[in-house]
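Analysis of the macromolecular model
Listed below, chain by chain, are the residues.
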Amino acid sequence: AEAAAEAAAEEGSEALLGVAAAQDGGDSKQKYYALAHTQCEIITRQPRMLTAGTLRDYQIVSLQWMISLYNNRLNGILADE
């Protein structure tokens, strides 16, 4: 599902469902992600308002996911081990 999301983000939000269907036969997780996250906003660097430290790569990916949830009016829980 992550590979489908990354590939679709590169192609634009219109291609989300097509990319999900093309990769690995388009399993249900990929199709759900493609339909639910139609609005994509790619985060390439740390936002300027976060000045108390530097985000790691996995934190920027998580931030992008949370922004996608917000933009698509979805709920989600970001958790760690």
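Structure shown above.
In short, a report on the structure. (Residues numbered from 1 in each chain as written. Predicted model: local features only at pLDDT ≥ 70, side-chain atom pairs only at ≥ 80, totals over all residues. Heavy atoms only, no water.)

Turning our attention to the overall build of the protein chain. From N to C terminus, the protein chain includes four helices and zero strands. Its helices and strands in sequence order give the protein chain the pattern α-α-α-α, from N to C terminus. Buried positions account for 27% of the 81 residues belonging to the protein chain. The contacts of the protein chain with a sequence gap of at least 6 include a subset with a gap of at least 24, amounting to 37%. Total accessible area computed for the protein chain in this model is approximately 6,400 Å², and 51% of it derives from carbon and sulfur atoms. (Helix = DSSP H or I, 4+ residues; strand = E, 2+ residues; numbered from the N terminus. Buried < 20%, exposed > 50% of the residue type's maximum accessible area, 1.4 Å probe, protein only. Contact = heavy atoms within 4.5 Å. Areas by Shrake-Rupley, 256 points an atom, 1.4 Å probe, with all protein chains shown as cover.)

Here we take up helix H4 (residues 57-71). With 15 residues, H4 should cover 21 Å at 1.5 Å per step; its first-to-last C-alpha distance of 21 Å lies within 8% of that length. Burial in H4 covers these residues: Ile60, Ser62, Leu63, Ser68 and Leu69. Positioned one or two residues after H4, Arg73 has a phi angle of 55°, which is positive. (Expected span 1.5 Å × (residues − 1).)

As a further point, take unusual backbone geometry. Most peptide bonds adopt trans geometry, and most residues besides glycine take a negative phi value. Positive phi is not limited to glycine here, since Arg73 has a value of about 55°. As for its position among the elements, Arg73 is in the segment after H4. Classification of Arg73 as exposed rests on a relative accessible area of 80%.

These figures capture arrangement, not role.
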